[in-house]
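Structure assessment
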Amino acid sequence: MVVQAEEGRLIAAVGPRVLVATAVPAERDAVARAFAGSFRELRLPGAVLHRLSPTGGMTAADLTAADPTAAGESPAGESPADPTVVDLTAVGVGPAVAGARTAAALTAAALDGAPYTLVVSAGIAGGFQPAAPVGSLVVADRITAADLGAETAQGFVPVTELGFGTVTHRPPDSLVRDLARVTGARTGEVLTVSTVTGTAERAERLRARHPDALAEAMEGFGVAEAAAAHGVPVVEIRAVSNPVGPRDRAAWRIADALAALTDGFGKLVPVLESWNKHDQ
């Protein structure tokens, strides 16, 4: 671990620490399959994490315990960088529980002296057709709460137009570009809803209010709110399992979407490892 001075403070320069928040264990496990090695369960206040790293699930502390010389200086006289740490957690369905459990994991890590450097909201989603076909991967350039506001005689009014709150978080542009480049993902707005769209009429209303929307899911905005409260960058990655519109479970391709999520994470791991939040 290298200690650097920044603005009068001493800051430990460790490897990237990434928290990946999915809704359900099936999504978490799809992400885990993209990583080499095994993962181990960690129980923290308010959160259960599964830890992975390029070293096969071992953290810097694990490496030092196994080989005390691992913490020493490299032959070039420079201290080796700590390995990337990736923690996976299934935070539950919906923005409220996702936000609460993500916040709990972020708080626990900060109190432990090892705060996360990036939060990723990941999973499957409905895709707006034809922009985001089933099986495609989407990276959000905006994470928007689509139904946070009020219904009026003139239509839906977002909470921001009521004079308070926020409805959109913007992931770092450079990270969105890099993730899309290496995975071939589409980029655009990803909506967070508390009720999954099940009719053509609602899909049309959402597209009218959000013409650049590619997908809808149920956790991204909650995860983004928690990350913002901790000052940690956030990005949302979704694999499309079904069209947004009339509810037809027979048309859903969940297995294909989970496979696309695994494939996508397998390609983007180097970006997560090398990305610096100061290079936005």
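This text goes with the structure placed above it.
Throughout what follows, the structure given in this document is the object of discussion. Predicted model, so just to flag it, every value in this text is computed and none were measured. (Residues numbered from 1 in each chain as written. Predicted model: local features only at pLDDT ≥ 70, side-chain atom pairs only at ≥ 80, totals over all residues. Heavy atoms only, no water.)

What follows covers the pairing of strand 13 (residues 213-217). Counting buried positions along strand 13 gives 5 out of 5 residues, so the element sits mostly inside the fold. In this structure, strand 12 (residues 186-192) lies alongside strand 13, joined through 4 bridges in parallel fashion. Within the sheet, the bridge partner assigned to Val190 lies in strand 13 and is Ala215. Handedness of the crossover is the feature at issue here: the chain leaves strand 12, passes through helix 5 (residues 200-209), returns alongside strand 13, and the resulting connection is right-handed. (Buried < 20%, exposed > 50% of the residue type's maximum accessible area, 1.4 Å probe, protein only. Helix = DSSP H or I, 4+ residues; strand = E, 2+ residues; numbered from the N terminus. Pairing = 2+ DSSP bridges. Right-handed = clockwise from strand over helix to strand, strands pointing away.)

Now for the environment of Leu179. Note on placement: Leu179 falls in helix 4 (residues 173-183). Note: C-alpha distance between Leu179 and Gly264 (85 residues apart in sequence) is 9.0 Å. Setting aside residues no more than four positions away along its own chain, Leu179 makes contact with Val139, Val235, Ile237, Leu268, Val271 and Leu272. (Contact = heavy atoms within 4.5 Å.)

Bringing the pattern of salt bridges into the picture now. Throughout the structure, instances matching the rule amount to 9 salt bridges. Residues Arg142 and Asp212 are paired through a salt bridge, measuring 3.7 Å at the closest nitrogen-oxygen approach. You can see Arg142 sitting in strand 8 (residues 137-145) and its partner Asp212 sitting in the loop between helix 5 and strand 13, a full 70 residues away along the chain. What makes Arg142 buried here is its relative accessible area of 16%. The exposure class assigned to Asp212 is partly exposed, which follows from its relative accessible area of 45%. Residue Glu219 pairs with Arg238 through a salt bridge whose shortest N-O separation is 3.4 Å. Placement of Glu219 in the loop between strand 13 and helix 6 (220-229) and of Arg238 in strand 14 (residues 234-243) is noted, with a sequence separation of 19 residues between them. Across the pair, Arg238 and Glu219 agree in class, each one buried. Through salt bridges that share partners, Asp141, Arg142, Glu189 and Asp212 make up one connected network. (Salt bridge = Lys/Arg side-chain N within 4 Å of Asp/Glu carboxyl O.)

The next point concerns helix 4. Those residues of helix 4 not exposed but buried are Ser174, Leu175, Val176, Leu179, Ala180 and Thr183. Looking at the buried residues of helix 4, the elements they touch are strand 7 (118-127), strand 8, strand 12, strand 14 and helix 7 (254-274).

The next thing to look at is unusual backbone geometry. The step from Gln129 to Pro130 runs through a cis peptide bond, and the omega angle for that step is 0 degrees. Residue placement: Pro130 occurs in the loop between strand 7 and strand 8.

Okay, the side chain of Thr144 next. Turning to its location among the elements, Thr144 is positioned in strand 8. Within the structure, the side chain of Thr144 is placed 3.0 Å from the side chain of Thr168, a separation counted as a polar contact. (Polar contact = N/O pair within 3.5 Å; in protein donor to acceptor, adjacent residues only side chain to side chain.)

Within the largest apolar cluster, 32 residues are counted, with the highest numbers of intra-cluster contacts made by Val20, Val31, Val120, Leu179, Ile237 and Phe265. Contributions of two or more residues to this core are made by strand 3 (17-22), helix 1 (25-32), strand 6 (85-90), strand 7, strand 8, helix 4, strand 14 and helix 7. The element best represented in this core is helix 7, accounting for 9 residues. Apart from the residues within four sequence positions on either side, Val20 is in contact with Val31, Val86, Asp87, Leu88, Thr89, Val120, Ala122 and Phe265. (Core = buried A, V, L, I, M, F, W, Y, C linked by side-chain atoms within 4.5 Å.)

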